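# Residue-level structural notes
Listed below are the residues making up each chain.
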Protein chains: 2
Amino acid sequence: MKSKKIKVFAPATVSNVGPGFDLMGFAIHGIGDEIELSISKNNFIQIKKIIGDNNRLPYDTNKNTATVSILSLFKSHQIKVGLDIIIRKKMGIGSGLGSSSASAVAGVFAVDKLLGLNLPKQELLSHALAGELIASKSIHADNIAPCLYGGFILIRSYNPIDIVQIDFPKNLFCSILYPEIEIKTSEARKILDKKVDRSVAISQAGNASALIVGLIKKDFQLISRSMEDFIAEPKRAVLIPCYNEVRNAALNSGALNCNISGSGPSMFSFSTSEKDALRIVSAMKTAAFKKGIKSKTFVSMINDDGPSVIK
Amino acid sequence: MKSKKIKVFAPATVSNVGPGFDLMGFAIHGIGDEIELSISKNNFIQIKKIIGDNNRLPYDTNKNTATVSILSLFKSHQIKVGLDIIIRKKMGIGSGLGSSSASAVAGVFAVDKLLGLNLPKQELLSHALAGELIASKSIHADNIAPCLYGGFILIRSYNPIDIVQIDFPKNLFCSILYPEIEIKTSEARKILDKKVDRSVAISQAGNASALIVGLIKKDFQLISRSMEDFIAEPKRAVLIPCYNEVRNAALNSGALNCNISGSGPSMFSFSTSEKDALRIVSAMKTAAFKKGIKSKTFVSMINDDGPSVIK
């Protein structure tokens, strides 16, 4: 018998990951979206409540990332089921930590489990991407894919979509600083150059390839050396008033490197122990504060699970 | 006691490797350069004989790749030893298979062994690059590094130079077609655009990263999907009159993919057995011949040894 109600969690994600701009991302623990679905007697999908969004997310099911994803899945499989939905944002909106992706993935994952569809992840991905498109105005899978698959993801190609799961060292810890300023993904994309020097493209491919080697071979020094983005980060750094200070604080505290998460404003650093990660995140927070910017911090290993059903 | 004479072999190499343009290369077996050094009573370095070059290589020690490399090493270590040199080209010049790199590496490797210097490979690399600069007018390590280190190499960065050795499947076979036409590296570089679309840079980084994953994880299908170069090959293909025909013949014969080696005219295909590699190279040769182009063919596993002393 199918259950009438389900509650799921989909994690926040760090995308871009230095030279992995538009190509890489990983899931983290602790923050993300909770979605509760109940089958209703109505013939339609309804968002009953959104909690923790400071009234910023739309109740219109054609505009909310979670429901757009669900509607895409329903349309594709000609499903007509009434649903009441409660969305609990357990992370900041516009943080650069994949807030809209967490909603989109939570939506399709919850429906798949509630209705016992057992659809392949590849298909859930395509519907979640439809939801993400509403939020970010362009198709980018570097949050959606790690949120849905868990772990560290390389998106080899968008057409056709080709997801590659990357091994990573289990003791890779991530220190995340979320400065309480807002950067819109679409704005952060506009400031990028449409063309780049060929030599820049080659350096970027070199670092991206080397980062992958570092992750798979657990070569932390190679990870450290590789984490320079030549395309997006030099442009976007100016959008984060405490970028240089936070980065220097992280590096001086022993971080392997320090980069922007997604299109910002969040920044993240890798290190090799929880103790280091806590020290680093504290130094990052202090550096931001000295520039007059309040922030939230998180420390997490890479989350290998992806979304999960909450009992 | 130091021996008075030495003979070494340095292998041919395939560089670029699809999306690894300017970043990747691997050594092969069977073809390359042989260099014989003898300590002479003179105070200078002298090329006594060059064999197999059709009189195309210079005897001037300031112009020959092998001796420029040796002179760079000598200058750096203030070595003053007279040398008589015999160079045997056991591969085509201007073939796109790293002919000048083989000379440069053979030169410094032979000197290191003859004089018992035991210099680190990183240092031999820098002197070999000085030799390569004479031949190709620009610093590119994607032939030099795999020739010197053996195996499959990623050059993460040129400044500073950062060489990453990549694991690869032992049953990866390479079918090589060397069409008897000539393309100058410097010419093949001139036709490339100085700028590329940002989306092209990202696709290139995605394929380069995925190729590395495929090699390390022995995922042949991923290798096959990843081997598309978006930057150089679309421009350079027109320089090889039989490019499309050879590529189609390789793919129709079961090659994982088929790309230009270096700046051409050689082309190569990967496959997973010697039997397949022989069938593929034969189909490639036939396709070139139908376009009126004579060619030489080689089949090799990736050469993990690099240069070697010949007893």
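The structure displayed is predicted, hence computed values, not measured ones. (Residues numbered from 1 in each chain as written. Chains lettered and ligands numbered in written order. Predicted model: local features only at pLDDT ≥ 70, side-chain atom pairs only at ≥ 80, totals over all residues.)

## A word on the environment of Lys-121 of chain A
Residue and element names in this part refer to chain A. Tracing the backbone through its elements, the reader meets Lys-121 in helix H3 (residues 121-136). Taking the number of C-beta atoms within 10 Å as the measure of exposure, Lys-121 has 17 and is therefore partly exposed. Spatially, the C-alpha atom of Lys-121 lies 32 Å from that of Phe-230, the residues being 109 residues apart in sequence. If near-sequence neighbours (up to four positions away) are discounted, Lys-121 is found in contact with Leu-148 and Tyr-149. (Helix = DSSP H or I, 4+ residues; strand = E, 2+ residues; numbered from the N terminus. Buried ≥ 20, exposed ≤ 12 C-beta atoms within 10 Å, placed from the backbone. Contact = placed C-beta atoms within 7 Å.)

## Observations regarding helix H10 (residues 274-290) of chain A
All names here are of chain A. The end-to-end C-alpha distance of H10, which contains 17 residues, comes to 24 Å, matching closely the 24 Å that a straight helix rising 1.5 Å per residue would cover. Within H10, the full set of buried residues consists of Ala-277, Ile-280, Val-281, Ala-283, Met-284, Lys-285, Ala-287 and Ala-288. The secondary structure elements touched by the buried residues of H10 are strand S7 (173-179), helix H9 (243-252), strand S10 (267-271) and strand S11 (295-301). Gly-292 sits one or two residues past H10 and shows a positive phi near 80 degrees. (Expected span 1.5 Å × (residues − 1).)

## Quick word on the interface of chain B and chain A
Contact residues are listed per partner, giving 36 residues for chain B and 36 residues for chain A. When residues in the side of chain B that touches chain A are grouped by element, the largest group, 15 residues, is from helix H6 (residues 198-217) of chain B.

## A few points about the relation of the copies chain B and chain A
Laying chain B over chain A is done by rotating through 180 degrees and shifting 0.0 Å along the axis; what remains is an RMSD of 0.0 Å. Such a combination of turn and shift is consistent with a two-fold rotation axis. Take the interface residues of chain B: 100% of them recur as interface residues in chain A, which is what a same-surface contact looks like. (Least-squares fit on C-alpha atoms with pLDDT ≥ 70 in both.)

## A short note on the sheet that holds strand S9 (residues 257-260) of chain B
Residues and elements named next belong to chain B. Taken together, the 4 strands give an open sheet; going across it, the order is S9-S10-S7-S11, and neighbouring strands pair in antiparallel fashion. Two strands in the sheet have a free side with no partner beyond their single neighbour: S9 and strand S11 (295-301). Adjacent strand axes in the sheet meet at a mean angle of 20 degrees, parallel and antiparallel pairs treated alike. Across the sheet, helix H9 (residues 243-252) touches strand S7 (173-179), S9 and strand S10 (267-271), and the angle it forms with S9 is around 155 degrees. (Pairing = 2+ DSSP bridges. Axes fitted to C-alpha atoms, helices over the stretch in contact; angles between N-to-C directions.)

## A short note on the sheet that holds S10 of chain A
Pairing between the strands of a sheet is mediated by backbone hydrogen bonds and can be parallel or antiparallel. Residues and elements named next belong to chain A. Spatially, the 4 strands line up as an open sheet ordered S9-S10-S7-S11, and their pairing is antiparallel. Every interior strand has two partners, whereas the edge strands, strand S9 (257-260) and S11, have only one. Strand-to-strand twist in this sheet, taken as the mean axis angle between neighbours without regard to direction, amounts to 20 degrees. Pairing of S7 with S11 involves 7 bridges; the strand directions are antiparallel. Among the inter-strand pairings, Leu-177 is bridged to a residue of S11, identified as Thr-297. The strands that H9 touches are S7, S9 and S10; relative to S9, the one it contacts most, it runs at about 155 degrees. Of the strands in this sheet, S7, S10 and S11 are in contact with H10, which crosses S7 at around 20 degrees.

## Considering the nonpolar core
In terms of nonpolar packing, the biggest core is built from 208 residues, with Val-105, Val-246 and Met-284 of chain A together with Val-105, Val-246 and Met-284 of chain B touching the most fellow members. Leave out the neighbours within four places in its chain, and Val-105 of chain A touches Ala-10, Ala-128, Ile-144, Cys-147, Leu-148 and Pro-307 of chain A. (Core = buried A, V, L, I, M, F, W, Y, C linked by C-beta atoms within 7 Å.)

## Let's talk about the confidence of the model for chain A
For chain A, per-residue confidence averages 95 on the pLDDT scale, and residues scoring 70 or more make up 99% of the total. With a pTM of 0.96, the predicted complex shows an ipTM of 0.95. (pLDDT = per-residue confidence, 0-100.)

## Re the pairing of S7 of chain B
Regular strands show a simple pattern: their side chains alternate between the two faces of the sheet. Residues and elements named next belong to chain B. For S7, the tally of buried residues reaches 7 of 7 residues, placing the bulk of the element in the interior. Bridge analysis of S7 against S10 gives 5 bridges, and the strand direction is antiparallel. Residue pairing across strands places Ile-176 opposite Phe-268, the latter belonging to S10.

## Some words on the domain arrangement of chain A
All names here are of chain A. Examined at the domain level, chain A breaks down into domain 1 (5-167 + 304-309) and domain 2 (173-301). A straight line from the C-alpha centre of domain 1 to that of domain 2 covers 24 Å. Each partner contributes to the interface: domain 1 provides 27 residues, whereas domain 2 provides 34 residues. For the side of domain 1 that touches domain 2, the secondary-structure elements that each account for two or more residues are strand S1 (5-15), strand S2 (24-39) and strand S5 (152-158). Each residue belonging to the side of domain 1 that touches domain 2 can be placed in one class, and the counts come to 11 nonpolar, 14 polar and 2 charged. (Domains from an automatic or database assignment. Nonpolar A, V, L, I, M, F, W, Y, C, P; charged D, E, K, R; others polar.)

## Details of the packing of helix H1 (residues 65-76) of chain B against helix H2 (residues 99-114) of chain B
Any two packed helices are characterised by how steeply their axes cross, that is the angle between the axes, and by the distance between the axes. All names here are of chain B. Here H1 crosses H2 at 40 degrees, and the two axes come no closer than 7 Å. Compared by their axis directions, H1 and H2 come out oblique. The handedness of the crossing between H1 and H2 is right-handed. Here Thr-65, Ala-66, Thr-67, Ser-69, Ile-70 and Leu-73 of H1 come into contact with H2, specifically with Ser-100, Ser-103, Ala-104, Ala-106, Gly-107, Val-108 and Val-111. By residue class, the composition of the contact of H1 with H2 is 7 nonpolar, 6 polar and no charged. (Parallel < 35°, antiparallel > 145°, perpendicular 65-115°, else oblique. Left-handed = near helix turned anticlockwise from the far one by under 90°.)

## With respect to the pairing of strand S4 (residues 83-90) of chain A
Residues and elements named next belong to chain A. Burial along S4 is one-sided: Leu-83, Ile-85, Ile-87 and Lys-89 are buried, while Asp-84, Ile-86, Arg-88 and Lys-90, pointing the other way, are not. In terms of strand pairing, S2 meets S4 through 8 bridges, oriented antiparallel. Counted as the bridge partner of Glu-34 is Arg-88 from S4. You can see the chain leave strand S3 (residues 45-51), run along helix H1 (residues 65-76) and come back into S4, and the turn it takes is left-handed. (Right-handed = clockwise from strand over helix to strand, strands pointing away.)

## A look at the packing of H9 of chain B against helix H10 (residues 274-290) of chain B
All names here are of chain B. Relative to each other, H9 and H10 sit at 150 degrees, their axes nearing to 8 Å. Taken together, the axis directions place H9 and H10 in an arrangement best described as roughly antiparallel. Both H9 and H10 take part in a crossing whose hand is right-handed. Counting all contacts with H9, which are made through Glu-245, Val-246, Ala-249 and Ala-250, the residues of H10 involved are Ile-280, Ala-283, Met-284, Thr-286, Ala-287, Ala-288 and Lys-290. Residues that form the contact of H9 with H10 fall into these classes: 8 nonpolar, 1 polar and 2 charged.

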